[in-house]
Amino acid sequence: MSLSLQATLAKAQELAWQGLGREAADVLAGVDPATLTEPELMAWALPRAANQFWMLDEPERATAFLRSLRGRVSSGPAVATVDALLGTFAMNAGSPQRAMELAGAVLGAPDADDQAVGWAAAAAALCTARMGAFADVDELAERAITAGHPGLLRFTSAFGQTTALVLCGELDRAQALAQQLVDDAHGAQPAHAIGTLLVADVLIARGDPAAAADLLEESATALAPTGYSWGPLAWMLLARAVAQTGRLADAGRILARAEAKHGLKSMLFAPELGLAKAWTAAARRDGAEAIAAARDAATTAERGGQSAVALRALLDAVRLGDTRAAEALDRLTMDTVVGRLAVDYARALRARDTAGLLDVSAAFERVGMAGVAADAARQADDLGS
């Protein structure tokens, strides 16, 4: 690779990391791809596509550019690398099943290089977790790490791991994993902010929205200029956490920010936006709207193949008073600790079973989900009064 191309790529990367996507694009536009060898073309095209997808918020154009690039490269490793990034794009754009198809092809290719394997395995770890295939998550995450190109990919695979651990009732392990990423970042951004977001997501599941909100305020601010899909997710989670603490005015303002930041590049997290709407409605004591929004979030997740996310949404719907969620939970057949408890909870609420609600409350307390436990106990008390 020529020194001038190396310098161009280094400058573009530096600008992109500062959130200066347009400036990075201008630097990369100064390169004539017709003059490049295939390895040089790949070295130039991949950051160009990534910058276009995330920093410029042009996911459709970035995907089209990558597809055109795929037709121009001939070697197996180059094709695998392009497919791995296309899979990452598909995941973020809300198509985890398509992402898994692409990742599977890359991970099965004998000549895929470490970068391709890292991208594919990290995306597959998160997709399988959100799709409810928990048995494969740790192996995929380990493969992504072993590939030796962790970077921010480590947070993608780790989010898959924490998602699986939470729904398997292992919240201590989930929080410890996320906290280790925060510690390893040593304050460097955006790694610190993303790790903090993962800790906060576990805290929301635990039922400690105040602590989660404190962390997410920092994360959302730090991630706002980066363009990464983590940024919109931070605002979505912050809106939910703030609403759960009863800060209605703040929740409404933050929800509006989340909606403004959300787009195709963060479509994977559309259910999280729905849950932010649900809890904001609950904060203003609009129970019917809260339940409807939680149901919509679950439907969005289920239609996108995200069964595990649908489970969390339906669990929130039951907490908000949805007496019709049991059938949907039965359909998910999520055979995990939290999945089974969610079904028991929904059935007890539907049957107006005070003793059943108290039993479920105690069970959720034992797995560390104090917020769910408190809501089930409150509903039992309301039935008994």
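Structure shown above.
Summarised in this report is the structure supplied together with it.

Calculation rules
Residues numbered from 1 in each chain as written. Predicted model: local features only at pLDDT ≥ 70, side-chain atom pairs only at ≥ 80, totals over all residues. Heavy atoms only, no water. Helix = DSSP H or I, 4+ residues; strand = E, 2+ residues; numbered from the N terminus. Buried < 20%, exposed > 50% of the residue type's maximum accessible area, 1.4 Å probe, protein only. Contact = heavy atoms within 4.5 Å. Areas by Shrake-Rupley, 256 points an atom, 1.4 Å probe, with all protein chains shown as cover. Lys, Arg positive; Asp, Glu negative; His and termini not counted. Charge placed at Lys NZ, Arg CZ, Asp CG, Glu CD. Phe/Tyr/Trp six-rings, centres within 6.5 Å; stacked < 30°, edge-to-face > 60°. Lys NZ or Arg CZ within 6 Å of the ring centre and 35° of its normal. Expected span 1.5 Å × (residues − 1). Arc of directions from axis to C-beta.

## Regarding the overall build of the chain
Counting secondary structure elements, the chain contains 21 helices and zero strands. With the C-alpha coordinates aligned to their principal axes, the bounding extent of the chain is approximately 80 × 40 × 35 Å. Per-residue burial over the chain gives 57% buried out of 385 residues. Sequence-distant contacts, at least 24 apart, represent 62% of the contacts inside the chain between residues at least 6 apart. Per element, the accessible surface of the chain, about 15500 Å² overall, is 51% carbon and sulfur. Placing the 34 positive and 46 negative side-chain charges of the chain at their respective mean positions leaves the two points 5 Å apart.

## A word on the packing of aromatic side chains
Under the definition given, this model contains seven aromatic pairs. When the centroid spacing of 4.9 Å and the interplanar angle of 65° are considered together, the rings of Phe 53 and Trp 54 count as edge-to-face. Here Phe 53 and Trp 54 have matching classes, each one buried. A ring pair is formed by Phe 159 and Trp 230, whose centres lie 5.8 Å apart and whose planes are at 50°; its orientation type is tilted. Of this pair, Phe 159 sits in helix H9 (residues 153-167) while Trp 230 sits in helix H13 (residues 230-244), and the two are 71 residues apart along the sequence. Chaining the aromatic ring pairs together yields one cluster made of Phe 53, Trp 54 and Phe 89. The ring of Phe 65 carries the charged tip of Arg 48 above its face, separated from the ring centre by 4.1 Å.

## Side note on helix H5 (residues 76-92)
Taking 1.5 Å as the rise per residue, H5 with 17 residues should run 24 Å; its terminal C-alpha atoms sit 25 Å apart, in good agreement. For H5, a buried count of 15 out of 17 residues is recorded, marking the element as mostly surrounded by other parts of the structure. Directly after H5, the chain includes Gly 94, whose backbone phi takes a positive value near 90°.

## A closer look at helix H16 (residues 287-303)
Helix length check: H16, at 17 residues, gives a terminal C-alpha distance of 24 Å against a target of 24 Å (1.5 Å per residue), a fit within 8%. Considered for burial, the residues of H16 that qualify are Ala 290, Ile 291, Ala 293, Ala 294, Ala 297, Ala 298 and Ala 301. Axial view of H16: buried residues confined to an arc of 165°, hence all on one face. Exposed and oriented more than 90 degrees from the buried face of H16 are Ala 288 and Arg 303. Residues of H16 that are buried make contact with helix H15 (270-283) and helix H17 (307-319).

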